[in-house]
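Analysis of the macromolecular model
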2 protein chains.
Amino acid sequence: MKATVVVRLKSEVLDPQGDAVRRALGTLGFEGVKDVRIGKIVEIEIDEAHAKDAAGLKARLAKMSDEMLANPVIEDYEIKLDS
Amino acid sequence: MKATVVVRLKSEVLDPQGDAVRRALGTLGFEGVKDVRIGKIVEIEIDEAHAKDAAGLKARLAKMSDEMLANPVIEDYEIKLDS
């Protein structure tokens, strides 16, 4: 089973990397770009034997995200399960 | 209008960052993680005046991705338009 964790900077946190991309896109001639935010997408392949209990799996993914994949002080995460 | 570009390493390209995360999750006690791949998610806010023609906008986003957001040699990208 595949699970996806999308990690984004919280909206109140400045994103200098996104700002740099926004400016660079302007320089390259792309008009109308108002804002750019850059996040991470973590795609996790989970053994079927460990993926039978969807609620338990979601809880474990949330724990993984809190402990390792995201920095909860400045980042939010979103967990998606694909079957 | 919001557009999202998801940039992933091509499947035939090794992902050392993802491998490191997979091993670290094992060390932290999370079982059943077979594979981890890490990509980028670029969220672009586009001025409504520049977003009227969806096909044209998608073509411009593809050009942005080819020229700047992704490295087409080792990465694939996927474009999504949210209204």
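An unreviewed UniProt entry annotates chain A as Phosphoribosylformylglycinamidine synthase subunit PurS of Pendulispora albinea. Quoted straight from UniProt, the Sequence similarities (unreviewed entry) entry for chain A says "Belongs to the PurS family." Recorded in UniProt under Subunit (unreviewed entry), the annotation for chain A is "Part of the FGAM synthase complex composed of 1 PurL, 1 PurQ and 2 PurS subunits."

What follows deals with helix 1 (residues 16-27) of chain A. Over its twelve residues, helix 1 of chain A runs 16 Å from end to end, which matches the ideal 16 Å to within 8%, given 1.5 Å per residue. Among all positions in helix 1 of chain A, only Gly18(A), Val21(A) and Leu25(A) are buried. Down the axis of helix 1 of chain A, the sector holding all buried residues measures 60°, keeping them to one side. For helix 1 of chain A, exposure combined with an orientation more than 90 degrees from the buried face picks out Pro16(A), Arg23(A) and Thr27(A). Against the buried residues of helix 1 of chain A lie strand 2 (33-46) of chain A together with helix 2 (54-69) of chain B. Backbone geometry just downstream of helix 1 of chain A places Gly29(A) in the positive-phi region, at approximately 100°.

Looking now at the pattern of salt bridges. Summed over the entire model, instances satisfying the criterion amount to eleven salt bridges over all chains. Salt-bridge contacts for Arg8(B) lead to Glu43(A); the nearest nitrogen and oxygen are separated by 2.8 Å. With Arg8(B) in strand 1 (residues 2-9) and Glu43(A) in strand 2, the pair connects residues from two separate chains. Looking at Arg8(B), the relative accessible area reads 25%, which means it is partly exposed. In this structure, a network of salt bridges that share partners links the residues Lys2(A), Glu43(A), Asp82(A), Arg8(B) and Glu78(B).

What counts, and at which threshold
Residues numbered from 1 in each chain as written. Chains lettered and ligands numbered in written order. Predicted model: local features only at pLDDT ≥ 70, side-chain atom pairs only at ≥ 80, totals over all residues. Heavy atoms only, no water. UniProt positions renumbered as here; feature names shortened; annotations may be inferred. Helix = DSSP H or I, 4+ residues; strand = E, 2+ residues; numbered from the N terminus. Expected span 1.5 Å × (residues − 1). Buried < 20%, exposed > 50% of the residue type's maximum accessible area, 1.4 Å probe, protein only. Arc of directions from axis to C-beta. Contact = heavy atoms within 4.5 Å. Salt bridge = Lys/Arg side-chain N within 4 Å of Asp/Glu carboxyl O.

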